[in-house]
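Descriptive analysis of the structure
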Amino acid sequence: MPAVEAKGAAGHGIRRAVVPAAGLGTRLLPATRAIPKELLPVGDRPVIQHVAEELAANGIEDVLLVTRRGKDAIVDHFDTGAAGLGFTAVRQAEPRGLGDAVLCAETWAAGRPFVVALGDAVLSAYGQSTIAGPRPASIVARLAQAFERADAVAAIAVEAVPREQASRYGMVGAAGPAPAPGEAFEVSALVEKPAPGQAPGELAVAARYVLSPAIFAALRETPPGAGGELQLTDAIARLAQARGRVVGVRLAADERRHDVGDLGSYLRAATEFALTHPEHGAGARARASELLDGDRPG
Ligand code: UTP
C-alpha cells in the first residue's frame with residue numbers, strides 16, 4: 001500500500017478523519033443532560049452532521065466517531081450513513097481530554113496522516129455551511145494541501161481572537177509576520193489555555209487539524225496539561241520541539257468557526273443558519289427585524 005495516497009478531487013491524499021465527540025458538554029447544561037451537544041440542531045440538521053458533510057466535501061471518505069457512555073445516539077444518527085461516508089465508532093473510557101480522545105484512533109489510523117475535526121464545531125462561510133454552494137476548497141482541504149506541501153507533522157486551522165479571550169483556547173505563534181486571512185504560515189509556538197499575557201500571538205486553534213501518525217507517540221509521552229486533561233496542543237508542541245514542521249492555515253475572511261459547546265457561540269451559529277436557511281430564512285429574518293424594531297410580545 002502506498003504511504004501517500006493519490007490526490008483526489010479535493011487536491012490532497014488524506015481520506016480519513018477522526019471526529020472527537022466524547023466530551024462532557026457541561027457548559028451547555030441543562031440542554032446536554034440527556035442529549036449530546038453534537039446532536040443539537042443548527043438550522044435543519046445536528047451539529048455533527050454539518051461536520052460530516054463538511055468532511056465529505058473536502059475529500060474525506062471514512063470517519064471515526066469517538067464517543068463515550070451516554071452518547072450512543074451519535075452513532076445511531078449515522079446508522080443509515082451520511083454524505084457517502086463510511087462510519088466507525090470507538091469509545092473513550094473516561095473524558096481525559098481531547099488528546100486522549102485522539103489516542104483512541106491509533107489502530108484505526110493505520111499509520112497514515114488523518115484529519116481531526118471536532119464534533120462540536122461548525123464552520124460556516126457567508127452564513128452557510130461550508131458544504132452549501134460552489135466555493136473554493138474550504139479549510140480541511142487547504143490544511144491537507146499545506147500539510148503535504150510542507151511535509152509537516154501537523155497542520156492546524158487558526159482564527160484571530162481578542163487577546164482577552166486567549167486563555168480559553170490553544171494559542172499559536174507565527175514564525176514570520178502574522179498571516180493574513182486565508183494564508184498558510186510556519187508555526188513557532190503552541191500553548192494551551194495560556195495565562196493572561198502569555199499567549200504567543202492572537203491566533204487560536206480552530207477545531208480542524210491534519211496530523212501525522214507520529215502524534216500517537218507524542219501523546220503517550222505528554223503529561224496531563226491544562227485542566228488536568230491530556231491536551232492535543234501540548235502533544236503537537238512536543239512534535240514541533242523534536243524538529244517536526246507544524247504549519248498553520250488561517251481561516252479565510254468569510255469563514256467562521258462556531259464552537260457550539262459555548263452557549264453564546266451556539267446561539268450565534270443557530271441564528272446565522274436560521275436567517276440564511278433557503279426555505280425558512282425569510283420568515284426568520286422577518287421576525288428578527290420585528291424584534292430589532294422593538295416589537296415584543298405585549
Ligand atoms: P471541550 O473542550 O469542549 O470539552 O472539548 P467538553 O468536555 O466537550 O465540554 P465542557 O467543557 O464540559 O463544556 C473539545 C472537543 O474535544 C472532545 C469534545 O467532544 C469536543 O469535540 N473531547 C473533549 C473528547 O472527545 N474527549 C474528552 O475527554 C474531552
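For the structure itself, look to the data block above.
Everything quoted here is computed from the prediction, not taken from an experiment.

Remarks on the overall build of the protein
The secondary structure content of the protein amounts to nine helices and 14 strands. Projected onto the principal axes, the alpha-carbon positions of the protein cover approximately 65 × 45 × 40 Å. In the protein, which comprises 298 residues, the share counted as buried stands at 49%. For the protein, the computed accessible surface area is about 13,800 Å², with 53% contributed by carbon and sulfur atoms.

Digging into the packing of aromatic side chains
This model, assessed by the stated rule, comprises two aromatic pairs. Aromatic side chains F78 and F87 sit 4.2 Å apart centroid to centroid with 20° between the ring planes, which places their arrangement in the stacked category. In this structure F78 comes out as buried when scored by relative accessible area, which is 5%. Assessed through its relative accessible area of 24%, F87 is described here as partly exposed. When the ring of F114 is compared with that of F216, the centres are 5.4 Å apart and the planes differ by 10°; the resulting orientation is stacked. Here the residue F114 occupies a position in strand β6 (residues 114-117), and F216 occupies one in helix α6 (residues 214-221), the gap between them amounting to 102 residues. This pair shows no difference in class: F114 is buried, exactly as F216 is. Here the guanidinium or amino end of R16 rests over the ring plane of W108, the centre of that ring lying 4.8 Å away.

Considerations on the site of the ligand
Looking at the ligand, there are 19 residues lining it, with T26, R27, K37, Q92 and G97 nearest. G25 places a main-chain nitrogen or oxygen 3.2 Å from an oxygen atom of the ligand. In this structure, an oxygen atom belonging to the ligand sits 2.7 Å away from a side-chain N or O atom of K37. Among the residues forming the shell around the ligand, the class breakdown is eight nonpolar, six polar and five charged.

Overview of the pattern of salt bridges
For the structure on display, the rule yields 18 salt bridges. E53 serves as the salt-bridge partner of R45, at 2.6 Å between the closest nitrogen and oxygen. One salt bridge connects K193 with E192, and the closest N-O pair in it is separated by 3.0 Å. Each member of the salt-bridge network shares a partner with another, and the members are D44, R45 and E53.

What about the nonpolar core?
As a rule of thumb, soluble globular proteins bury nonpolar side chains together. Core analysis: the biggest nonpolar cluster contains 37 residues, and F114, Y209, L211, I215 and I236 have the highest contact counts within it. With residues near it in sequence (within four places) discarded, Y209 still touches L98, F114, V115, V116, L118, L143, A155, I156, L232 and I236. If you look at the next biggest cluster of nonpolar residues, it comprises 34 residues, including A52, I74, F147 and A157.

Some remarks on helix α7 (residues 232-241)
When α7 is considered as a whole, its buried residues turn out to be L232, T233, A235, I236, A237 and L239. The first or second residue beyond α7 is R243, which carries a positive phi of 70°.

Some points on unusual backbone geometry
Omega for the peptide link from L29 to P30 comes to 5°, which places this bond in the cis form. Residue A110 is not a glycine yet carries a positive backbone phi of 50°. By secondary structure assignment, the location of A110 is in the loop between α4 (106-109) and β6. Unlike most non-glycine residues, D151 shows phi in positive territory, near 50°. Taking the relative accessible area as the measure of exposure, D151 reaches 67% and is therefore exposed.

Comments concerning the pairing of β6
By the alternation rule, side chains of β6 split into F114 and V116 and V115 and A117, which are all buried. Pairing of strand β1 (residues 16-20) with β6, which is carried by two bridges, proceeds in the parallel orientation. Residue V18 lies in a different strand from β6, and its bridge partner there is V116. Sheet topology places β6 next to strand β12 (residues 203-211); four bridges connect them, and they run antiparallel. From the neighbouring strand, V116 faces β12, where its bridge partner is Y209.

What about the environment of D259?
Structurally, the position occupied by D259 is in strand β14 (residues 255-259). Separated by 212 residues in sequence, D259 and V47 have C-alpha atoms that sit 9.9 Å apart. When sequence neighbours within four positions are dropped, the list of residues in contact with D259 reads R27, D120, S265 and Y266. Here G261 takes part through its backbone nitrogen, which lies 3.0 Å from a polar atom of the side chain of D259.

Calculation criteria
Residues numbered from 1 in each chain as written. Predicted model: local features only at pLDDT ≥ 70, side-chain atom pairs only at ≥ 80, totals over all residues. Heavy atoms only, no water. Helix = DSSP H or I, 4+ residues; strand = E, 2+ residues; numbered from the N terminus. Buried < 20%, exposed > 50% of the residue type's maximum accessible area, 1.4 Å probe, protein only. Areas by Shrake-Rupley, 256 points an atom, 1.4 Å probe, with all protein chains shown as cover. Phe/Tyr/Trp six-rings, centres within 6.5 Å; stacked < 30°, edge-to-face > 60°. Lys NZ or Arg CZ within 6 Å of the ring centre and 35° of its normal. Near = heavy atom within 4 Å. Polar contact = N/O pair within 3.5 Å; in protein donor to acceptor, adjacent residues only side chain to side chain. Nonpolar A, V, L, I, M, F, W, Y, C, P; charged D, E, K, R; others polar. Salt bridge = Lys/Arg side-chain N within 4 Å of Asp/Glu carboxyl O. Core = buried A, V, L, I, M, F, W, Y, C linked by side-chain atoms within 4.5 Å. Contact = heavy atoms within 4.5 Å. Pairing = 2+ DSSP bridges.

Keep in mind these values describe shape, not function.
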